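Observations on chain architecture
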Amino acid sequence: MGHPQLQSIHVHPVKAFRSIELREAVVEPWGLAGDRRWALIDAGGKVVTQRRHPLLARAAAEPMPGGGVRLSAPGMDTLAVPVPRATGTVPMEIFGDKVETVPAEDDAAHRWCSAYLGTEARLVHLDSPATRRPVDPEHALPGETVSLADGYPLLLTTTASLDALNSLIARGEHAAEGPLPMNRFRPNVVVSGTAAWSEDGWTRVAIGEVAFRVAKMCGRCAVTTTDQRTGDRGKEPLHTLGGHRRMGGGLIFGQNLVPLGPGTIRAGDPVEILG
């Protein structure tokens with residue numbers, strides 16, 4: 001085991017779409033710059049994710065200058081969507097939170113998303129992450145906010161824990177599904193050079209020049225059973241997590257982080273465990 005370091009950085013310009021790997025990223029109070037500032041909502045205003053629509057794993061969103069996105073997906077023409085002007089908001093319901101968002105101005109964006117999913121969907125943008133959505137008060141400090149991520153600004157995973165999980169899967173009844181890649185867990189930062197499951201005990205970490213508070217362990221859902229290349233679903237890793245990583249009512253893999261200050265992180269940065 002070497003010294004802990006940042007192996008990779010990932011953002012998801014549109015929530016539930018395919019992740020993008022970066023060499024470096026600016027850390028903002030509510031998450032990495034460009035991460036989950038866009039999302040889809042259904043006809044009732046509820047967030048649309050891979051939980052109900054696993055084929056979103058095959059959709060991609062390329063960041064454009066100014067914060068817009070270029071959408072692409074199998075069978076669909078590419079569509080450029082600029083950041084909308086904040087002329088009016090629509091409410092989004094996201095895991096119990098009500099968040100005001102700004103819909104894409106061009107109806108073509110909504111038609112594109114609806115056609116790909118085969119059901120009504122609208123593309124919306126989070127215009128003001130500093131004010132729109134607080135972090136879960138049960139695990140937050142005053143003033144902390146989050147983008148359109150599930151609940152916290154960043155998600156951290158470690159390569160050692162994935163190796164350990166894959167070893168458990170290989171000995172189980174669904175061994176043919178493994179080994180699983182890290183993209184099943186949709187992290188923002190992946191750390192190498194640690195012991196398996198050591199992140200369970202972390203309370204503060206520094207990645208390069210930026211310190212983070214560890215808010216809580218990450219409970220996992222059906223999205224982790226979705227092949228991020230094909231959208232196909234299986235039994236793992238939830239079957240194995242259920243037998244080995246059940247904690248506090250959740251199936252645990254990874255840690256949710258909140259930045260303690262701004263800065264830039266880069267792949268290869270040293271990772272220091274502060275507490």
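Before any of the text, the structure's been laid out above.
What you are looking at is a predicted structure, and each value in this text was computed from that prediction instead of being measured.

A look at the packing of aromatic side chains
- All chains considered together, the criterion is met by three aromatic pairs.
- Geometrically, the ring pair formed by F185 and F253 is stacked, given 4.1 Å between the ring centres and 25 degrees between the ring planes. Taken together, the residues F185 in the loop between α2 (159-170) and β14 (189-192) and F253 in strand β18 (residues 250-259) connect sequence positions 68 residues apart. In this pair, the class of F185 matches that of F253, namely buried.

Details of the environment of A267
- Tracing the backbone through its elements, the reader meets A267 in the loop between β19 (263-266) and β20 (271-273).
- The buried category is assigned to A267, whose relative accessible area is 17%.
- Measuring from C-alpha to C-alpha, the distance between A267 and V190 comes to 9.2 Å, with 77 residues separating the pair along the chain.
- Not counting chain neighbours up to four residues away, the residues in contact with A267 comprise L6, Q7, I9 and R23.

A word on the sheet that holds strand β10 (residues 90-94)
- Spatial strand order, β6-β5-β12-β11-β10: five strands in an open sheet with antiparallel pairing. Looking at the sheet topology across the chains shown, the edges are occupied by β6 (47-48) and β10.
- The pairing of strand β11 (residues 97-103) with strand β12 (residues 122-125) spans two bridges and is classified as antiparallel. Bridged to V102 within β12 is H125.
- Relative to β12, helix α1 (residues 107-117) is tilted by about 125 degrees, and along the sheet it contacts β5 (38-41), β6, β11 and β12.

Points about the nonpolar core
- With 23 residues, the main nonpolar core has V14, F17, L40, L71, V81 and L123 as its most contacted residues.
- Secondary structure elements with two or more residues in this core: β5, β8 (69-72), β9 (79-81) and α1.
- Examining the composition of this core, we find that six residues originate from one element, α1, more than from any other.
- In this structure, L40 is in contact with F17, K46, V47, V48, L56, M92, C113, L117, R122 and L123, ignoring residues within four places of it in sequence.
- Core analysis: the next-biggest nonpolar cluster, separate from the first, contains 19 residues, V11, L32, V191 and V210 among them.

What counts, and where the lines are drawn
Residues numbered from 1 in each chain as written. Predicted model: local features only at pLDDT ≥ 70, side-chain atom pairs only at ≥ 80, totals over all residues. Heavy atoms only, no water. Phe/Tyr/Trp six-rings, centres within 6.5 Å; stacked < 30°, edge-to-face > 60°. Helix = DSSP H or I, 4+ residues; strand = E, 2+ residues; numbered from the N terminus. Buried < 20%, exposed > 50% of the residue type's maximum accessible area, 1.4 Å probe, protein only. Contact = heavy atoms within 4.5 Å. Pairing = 2+ DSSP bridges. Axes fitted to C-alpha atoms, helices over the stretch in contact; angles between N-to-C directions. Core = buried A, V, L, I, M, F, W, Y, C linked by side-chain atoms within 4.5 Å.

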